[in-house]
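Topology and contacts: notes
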Amino acid sequence: MILGNDPVLLTPGPLTTSPATRQAMLRDWGSWDAAFNRITQSVCADLVDIVHGGQAYVCVPMQGSGTFAVEAALGSLVPADACVLVANNGAYCERMLRILERLGIAHVALPLAEDQPVSADMIEAAFAREARITHVGLVHLETSAGLLNPLDQIAAVCLRQGKRLIVDAMSSFGALPIDLRLGGIDALVSASGKCLEGVPGLGFVIVRRALLEASGGRARSLALDLYDQYQYMRETTRWRFTPPTHVVAALRAALDQFQAEGGQPARGARYEQHCAVLVREMRRLGFVPFLPPEHQAPAIVTFHAPRDPAWQFDAFYQAVRAEGYVLYPGKLTRGETFRVGCIGAIDVNEIHNVVAAIGRAIDSLGWRV
Ligand SMILES: *Cc1c(COP(=O)(O)O)cnc(C)c1O
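As the structure is a prediction and not an experimental result, all values here were calculated from the model.

Two faces belong to every sheet, and in a regular strand the side chains alternate between them. Counting buried positions over the five residues of strand 8 (residues 164–168) gives four, a clear majority of the element. Pairing between strand 5 (residues 135–139) and strand 8: five bridges, direction parallel. Among the inter-strand pairings, histidine 135 is bridged to a residue of strand 8, identified as arginine 164. Pairing of strand 8 with strand 9 (residues 187–191) involves three bridges; the strand directions are parallel. The residue of strand 9 that forms the bridge with isoleucine 166 is alanine 187.

In structure tokens:
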């Protein structure tokens, strides 16, 4: 892939995009322009298709980063008398809890370690302990560590027990299989700038149409009112407030490339290969992944930092950055770690190259792994 002299972003978003995606941003669109609004509609239709939502689900886009869309979903879909269970195994779960706190929505946290996926049994046991739980908020792929939570099993429990399920699928959407036809998922949230390889700037909620249509007047926020955005768009084809036009155009181009690549199975397979090569070659340098392979999702890998007392993420970052690769700091509460992303418009050569760059950086800093 031709990347020019720009650094390769091995981060969980923003990430490296293709020249064709960036090219799509080289023109201006008006928000009343019918051609632009058709792009929005086609993007939304394709997003629903990726997760097999059919006619039962609609996609509502929301301006802002992914968190805005998570907040819009929770604040617009959860009724006043509800109580949301959130399994907490990382920073994005924690963020969901903080959103609920701010919105004044009752919630129950299920605390877990950052390397411990939540199981369907744990969710079911929480339902048994706390009868007031009506909803589950689940982070599918906890990007803090790169941890995968078992979405299908949890959706099955929610379906069986009659609980609503709102899923933050931010860093899994497009890369991992998600099938709304299985039932159990009421709303799924993701964003333009993660595994779809668009640029950052819009989130979206794919929600059961009937649930959304019953949610009018419920939102705790004017700007993040999902129902209003949906209604206004349905009536006028336009976004309710200024749309992120260039982001939408770039996402259209990114989706065209996603489809040409072979859709989710192909995207997931490419990331799996990146992840496998990354872990294997980093192990060869002496680095140990934080997660066991069975819990590792192919989006981002957390590694323990070298035990060398001189270890400093900033110096490491700068040395690898000088070779053209941007890494990510750790986001764990315990222990020194750093992260390397597997996602973005890159091929496996970039993974070989970044590991080589990491090896040289460690040598030049005089550290022992
Ligand atoms: C990226 C991400 C978000 C959204 O974060 P923003 O900084 O708002 O883009 C939410 N949840 C998960 C799991 C993520 O990876």
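Don't stop here, the text continues.
Take the domain arrangement of the chain next. In many reports, interface size means the accessible area that the parts give up when they come together. For the chain, the domain assignment lists domain 1 (8–13 + 262–365) and domain 2 (19–259). Contact residues are listed per partner, giving 26 residues for domain 1 and 27 residues for domain 2. Interface area for domain 1 against domain 2, summed over the two sides, is near 2,200 Å², with a carbon-plus-sulfur share of 56%. When the buried area of domain 1 at its contact with domain 2 is split by residue, Gln264, Arg267 and Lys331 rank highest and sum to 28% of it. Put simply, domain 1 and domain 2 have two salt bridges between them. Here glutamate 197 and arginine 267 are joined by a salt bridge, their closest N and O atoms 3.6 Å apart. Here the side of domain 1 that touches domain 2 gets six residues from one element, more than from any other, and that element is helix 10 (residues 263–285). Classifying every residue of the side of domain 1 that touches domain 2 by side-chain character gives 11 nonpolar, 10 polar and five charged.

Trans is the prevailing form of peptide bonds, just as negative phi is the prevailing case for residues other than glycine. Following glycine 13, the chain continues into proline 14 via a peptide bond in cis, with omega recorded as -5°. Residue position: proline 14 is located in the loop between strand 1 (8–9) and helix 1 (19–23). Residue histidine 52 is not a glycine yet carries a positive backbone phi of 60°. Structurally, histidine 52 can be placed in the loop between helix 2 (34–50) and strand 2 (57–63). Using a relative accessible area of 35% as the deciding quantity, one classes histidine 52 as partly exposed.

Another point: the site of the ligand. Surveying the vicinity of the ligand reveals the residues Ser65, Gly66, Thr67, Tyr92, Arg95, Val139, Leu141, Thr143, Asp168, Met170, Ser171 and Lys194. Here an oxygen atom of the ligand sits 3.3 Å away from a polar atom, N or O, in the side chain of arginine 95. A distance of 2.4 Å separates an oxygen atom of the ligand from a polar side-chain atom of threonine 143. Starting from 390 Å² of accessible surface for the ligand in isolation, the protein chains cover 84%. For the shell around the ligand, the per-class residue count stands at four nonpolar, five polar and three charged.

Our focus in this paragraph is the pattern of salt bridges. Within the structure shown, the criterion is met by 14 salt bridges. Here aspartate 46 ties to arginine 252 by a salt bridge, and the two come within 2.8 Å at their closest N and O atoms. Note that aspartate 46 is positioned in helix 2 and arginine 252 in helix 9 (residues 245–261), a separation of 206 residues in sequence. Of the two residues examined, aspartate 46 and arginine 252, each falls in the buried class. Among the salt bridges present, the one from arginine 181 reaches aspartate 179, with a minimum N-O distance of 2.9 Å. According to the relative accessible area criterion, arginine 181 is exposed, its value standing at 60%. What you see here is one network of salt bridges that share partners, running through Glu197, Glu261, Arg267 and Arg270.

Cut-offs applied
Throughout, residues of each chain are indexed from 1 in the direction in which the sequence is written. Residues qualify for local features only when their pLDDT is at least 70, as the model is predicted, and side-chain atom pairs are given and counted only at 80 or more; totals for whole chains, interfaces and linings, by contrast, use all residues. Calculation of side-chain values draws on the structure's entire complement of heavy atoms; hydrogens and water are dropped beforehand. Only protein chains enter the area calculation, which uses a 1.4 Å probe; residues under 20% of their type maximum are buried, those over 50% are exposed, and those in between are partly exposed. Under the DSSP-based scheme used, a helix requires at least four consecutive residues in state H or I and a strand at least two consecutive residues in state E, with every element numbered from the N terminus. Strand pairing is defined by DSSP finding a minimum of two bridges between the two strands. Where each domain begins and ends follows an automated or database-derived domain assignment. By the convention used here, residues are in contact when the closest approach between their heavy atoms is within 4.5 Å. Buried area is understood as the total, over both parts, of accessible area removed when two parts are fitted together, assessed with a 1.4 Å probe. The rule for a salt bridge is simple: a side-chain nitrogen of Lys or Arg has to be within 4 Å of a carboxyl oxygen of Asp or Glu. Amino acids are sorted into nonpolar (Ala, Val, Leu, Ile, Met, Phe, Trp, Tyr, Cys and Pro), charged (Asp, Glu, Lys and Arg) and polar (every other residue, Gly among them). It suffices for a single heavy atom of a residue to lie within 4 Å of a molecule or strand for the residue to be listed as near it. Pairs of N or O atoms are called polar contacts if they sit within 3.5 Å, as long as, within protein, a hydrogen donor faces a hydrogen acceptor (for residues adjacent in sequence, only side-chain-to-side-chain pairs). Reported accessibility uses the Shrake-Rupley method at a 1.4 Å probe radius. Residues are deemed covered only where the shown protein chains occlude them.

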